[in-house]
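Structural features, examined
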Amino acid sequence: MSAPKNIVALTGAGISAESGVATFRDADGVWAKYDYREVATPEGFAANPALVHEFYNARRRALPSVNPNAAHMALADLEKGLTERGGRLTLVTQNVDDLHERGGATNILHMHGELLKAECASCASVIDCRGDLSIESVCGVCNRTGGMRPHVVWFGEMPRFMEEAADAIMGAELFVSIGTSGSVYPAAGFVAEARALGVPAMELNLEPSENAHLFSDARYGPATEVVPQWVNEILTMK
Ligand code: APR
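Definitions and limits used
- Once a new chain begins, its residue numbering starts again from 1 and follows that chain's sequence as written.
- In view of the model being predicted, local features appear only for residues whose pLDDT reaches at least 70, and side-chain atom pairs are presented and counted only at 80 or more, with totals across whole chains, interfaces and linings using the full set of residues.
- As a rule here, side-chain values come from all non-hydrogen atoms in the structure, and water together with hydrogens is ignored.
- Strands are labelled as partners when DSSP assigns at least two bridges between them.
- Here a helix means four or more residues in a row that DSSP labels H or I, a strand means two or more in a row labelled E, and each is numbered from the N terminus.
- For helices, the axis comes from a line fit to the C-alpha atoms of the stretch in contact; other axes are also lines fit to C-alpha atoms, and the angle between any two N-to-C directions lies between 0 and 180 degrees.
- Here a residue-residue contact requires only that any non-hydrogen atoms of the pair lie within 4.5 Å.
- Site definitions follow a grid-based scheme: protein atoms alone, a 1 Å grid, a 1.4 Å probe that fits but cannot get out for cavities, and for pockets an open set with protein on both sides within 12 Å along at least five of seven lines, plus lining residues having an atom within 4 Å of a point.
- Grid points are joined across faces, edges and corners, and a volume is the space filled by probe spheres set on the points.
- Expected helix span is computed as 1.5 Å times (number of residues minus one).
- Relative accessibility thresholds used throughout: buried, under 20% of the residue-type maximum; exposed, over 50%; partly exposed, between the two (1.4 Å probe, protein chains only).
- What the arc covers is the set of directions going from the helix axis to the C-beta atoms.
- The rule for a salt bridge is simple: a side-chain nitrogen of Lys or Arg has to be within 4 Å of a carboxyl oxygen of Asp or Glu.
- A clockwise course of the path from the first strand over the helix to the second, judged with the strands pointing away from the viewer, identifies a crossover as right-handed.
- The criterion is simple. A nonpolar core is a set of buried Ala, Val, Leu, Ile, Met, Phe, Trp, Tyr and Cys residues joined through side-chain atoms within 4.5 Å.

1. Observations concerning the sheet that holds strand β6 (residues 148–152)
Spatial strand order, β5-β4-β6: three strands in an open sheet with antiparallel pairing. Every interior strand has two partners, whereas the edge strands, β5 (126–128) and β6, have only one. Between one strand axis and the next, the sheet turns through 45 degrees on average, direction left out of account. For strand β4 (residues 113–120) and β6, the ladder comprises five bridges, and the chain directions are antiparallel. By the bridge assignment for β6, alanine 118 is matched with proline 150. Against the sheet, helix α5 (residues 49–62) engages β4 and β6, with an angle of about 55 degrees to β6.

In structure tokens, the structure reads:
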């Protein structure tokens, strides 16, 4: 295979695990401690907004104390290297943390939203949010109270940037999936989209994901080892 210039990378919670951010479905994961129906659905928010705000406030408060790891930095290096080659890295992440940004990547599509943003149900504005949210929060744009929610895509809601992700896969020479269990759609369907387009697909994960059989290549191990190794191979290819 000649050196790819256009790569789409899908990331999941596994890339942030070694930074100390809990994954969702591992034994000690978030969904072992919380019922996703109560804290990550529109129905749960309508039933108990205070519980949902506290769930996201706790995760938002913890964010400054965790740092990007070698896998996040390696993807930023990949983005720079591909750009120098006249290509591009499109980083589609399911993660709502800001570790890809803090690791130096820039072309990032947060398909499940962002913990450090809030949205207003009254005026639909999306604003930066680094502090706690509550039912008393006032929208900084329309000044109304009671309509603020985390800018996070909940189960049953439409993920963001789907068209941009599909376009990027269409133009890619390689699709790589990193640190995701492949259990939540539409992200878990990206590999099938790539294959249908004849785009080679690779999995970099701690262990085989639910759709491991769909990948033409795979490397298994901790992201901080496997991702930098793979990026180095890509960037030293002629
Ligand atoms: N290095 C690489 N992979 C890892 C590591 C690690 N250190 N630790 C865990 N993993 C892998 C696990 O083996 C698993 O396959 O990361 C994956 C994490 O899977 P999930 O916990 O299901 O997280 P994710 O795939 O991102 O979940 C997708 O589900 O709940 C929703 O919105 C939430 O975005 C999330 C979506």
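That shown, we press on.
2. Observations concerning empty space enclosed by the protein
Here the structure, examined in full by the defined rule, presents one cavity of 30 Å³ or more. Roughly 60 Å³ of volume is contained in the largest cavity. Leu10, Gln94, Phe175, Ser177, Thr180, Gly182, Ala187, Ala188, Val191, Asn211 and Phe215 are the residues that line the largest cavity.

3. Details of the side chain of histidine 72
Here histidine 72 shows up in helix α6 (residues 70–84). Those residues in contact with histidine 72 that sit more than four places away from it in its chain are Ile15, Ser16, Ser19, Leu99, His100 and Gly103.

4. Some remarks on helix α10 (residues 223–236)
The end-to-end C-alpha distance of α10 is 19 Å, a good match for the 20 Å that 14 residues give at a rise of 1.5 Å each. Residues Ala223, Val226, Val227, Trp230, Val231 and Ile234 constitute the buried set of α10. Each buried residue of α10 lies within a common arc of 125 degrees when the element is viewed along its axis, so the set occupies one face. Away from the buried face of α10 by more than 90 degrees, exposed residues Glu225 and Gln229 are located. Looking at the buried residues of α10, the elements they touch are β1 (6–11), α1 (14–17), α6, β7 (174–178), β8 (201–205) and β9 (217–220).

5. Considerations on the side chain of histidine 100
Considering the arrangement of structural elements, one finds histidine 100 in helix α7 (residues 99–102). On the accessibility criterion, histidine 100 (1% relative accessible area) is buried. Not counting the four nearest positions on each side in its chain, histidine 100 is found in contact with Thr11, Ile15, His72, Leu75, Leu91, Thr93, Ala105 and Ile108.

6. Thoughts on the pattern of salt bridges
What the rule picks out here adds up to eight salt bridges. Notably, a salt bridge pairs glutamate 114 with lysine 117, separated by 3.0 Å at the nearest N-O pair. Linked by salt bridges that have partners in common, Glu54, Arg61 and Asp132 make up one network.

7. Structural notes on the pairing of β8
With five of its five residues buried, β8 lies for the most part within the structure. Pairing geometry for β7 and β8, over four bridges, is parallel. The residue bridging isoleucine 178 from the neighbouring strand is leucine 204, located in β8. Running through helix α9 (residues 190–196), the crossover from β7 to the neighbouring parallel element β8 is right-handed. Relative to β9, β8 runs parallel, the two being bridged by four bridges.

8. Notes on the nonpolar core
Core analysis: the biggest nonpolar cluster contains 23 residues, and Ile7, Leu75, Leu78, Val176, Leu204, Val227 and Trp230 have the highest contact counts within it. At the level of elements, β1, α6, β2 (88–93), β7, β8 and α10 are the ones that each hand at least two residues to this core. The element best represented in this core is α10, accounting for six residues. Contacts of isoleucine 7, omitting those with residues within four sequence positions, involve Leu78, Leu82, Arg88, Leu89, Thr90, Leu174, Val176, Trp230 and Ile234. Grouped together as the second largest cluster of nonpolar side chains are 17 residues, Val8, Met111, Ala165 and Ala168 included.

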